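Listed below, chain by chain, are the residues.
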Amino acid sequence: MTVRKNQAALTADEKRRFVAAVLELKRNGRYDEFVRTHNEFIMSDTRTGRRGGPGHRLPLPFLPWHRRFLLDFEQALQSVDSSVALPYWDWSTDRTVRASLWAPDFLGGTGRSSDGRVMDGPFAASTGNWPVNVRVDGRTFLRRSLGTGVRELPTRAEVDSVLSMATYDMAPYNSASDGFRNHLEGWRGVNLHNRVHVWVGGQMATGVSPNDPVFWLHHAYNRQLWAEWQRRHPGAGYVPTGGTPDVVDLNDTMKPWNDVRPADLLTHTAHYTFDV
Ligand SMILES: [Cu+2]
């Protein structure tokens, strides 16, 4: 059974193995397929009229879509090294640029001020190991500007305020919705998920956000928050449950897989557990 651990608790060896597996997927071309899929299926679908956010213009269902996307990526990592699991980044706790997440032995730090280029760590352009190939502009180097686009990451109190929302989602099931899904996603209210993309900056603030490996750690934590929400509200299920135009209902299949429904992804325990 895969155990997803808090990134802050990883051993040096676990960090080294995670980084090596990610770099191998980059080298063999599989990594960039994930970036391309995210950009095509999340960014190009504008039927709900979402504009200007960091990368999630659904009607693709935010939480089940990313759960399957992360499972695919984790399985790809495990095809390189079966001991690797996706770590998660609890950004409400590890909320400064001095967090060990950003150290040179893990993801590297923020970008330099002139052009945002990340200068240290295994994903710095200078290593030659991390070309940004799937991109929205000419820049081929990983960029970040931690804490520049927005000053503060969400606090635990803000997370709790969203976890307390008893309804999964509400009509019109888009960026105008009230309810847990849209508050976690961040189009409304205190803004959790979207704000983290903006706080990191660089490619993370664009549709090609998986170019930054922190994408996976951010979304792994979103998955954990969904699980926590499910524990707090055991009677509240995924909605809508049927017959909703332009929205993925509970039993509709999701692109690009076409063989999986939100109903198949509501519980994570068949796939992995968390360390808490
Ligand atoms: Cu995201």
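Residues numbered from 1 in each chain as written. Predicted model: local features only at pLDDT ≥ 70, side-chain atom pairs only at ≥ 80, totals over all residues. Heavy atoms only, no water.

**What about unusual backbone geometry?**
So, step 1. Here the amide bond leading from A171 into P172 is cis, since omega sits at 10°, within 30 degrees of zero.
So, step 2. With respect to the element layout, P172 can be found in the loop between helix 4 (156–163) and helix 5 (180–185).
So, step 3. V239 connects to P240 through a cis peptide bond whose omega is 5°.
So, step 4. With respect to the element layout, P240 can be found in the loop between helix 7 (214–232) and strand 2 (272–274).
So, step 5. The backbone of Y173 sits at a positive phi, close to 55°, despite the residue not being glycine.
So, step 6. Within the element layout of this structure, Y173 appears in the loop between helix 4 and helix 5.
So, step 7. The residue N191 is not glycine, and still its phi comes out positive at about 70°. (Helix = DSSP H or I, 4+ residues; strand = E, 2+ residues; numbered from the N terminus.)

**Thoughts on the pattern of salt bridges**
So, step 1. Scanning the entire structure with this criterion turns up 24 salt bridges.
So, step 2. The residue R117 makes a salt bridge to D115 at a minimum N-O spacing of 3.6 Å.
So, step 3. On the accessibility criterion, R117 (25% relative accessible area) is partly exposed.
So, step 4. The class for D115 is partly exposed, based on a relative accessible area of 23%.
So, step 5. In this structure, a network of salt bridges that share partners links the residues D13, R16, R17 and D81. (Salt bridge = Lys/Arg side-chain N within 4 Å of Asp/Glu carboxyl O. Buried < 20%, exposed > 50% of the residue type's maximum accessible area, 1.4 Å probe, protein only.)

**Remarks on the UniProt feature "binding site: Cu cation A" in the chain**
So, step 1. Using the residue numbers shown here, the UniProt feature "binding site: Cu cation A" corresponds to H38, H56 and H66.
So, step 2. Mapped onto the fold, H38 is located in helix 2 (residues 30–43).
So, step 3. With a relative accessible area of 0%, H38 lands in the buried category. (UniProt positions renumbered as here; feature names shortened; annotations may be inferred.)

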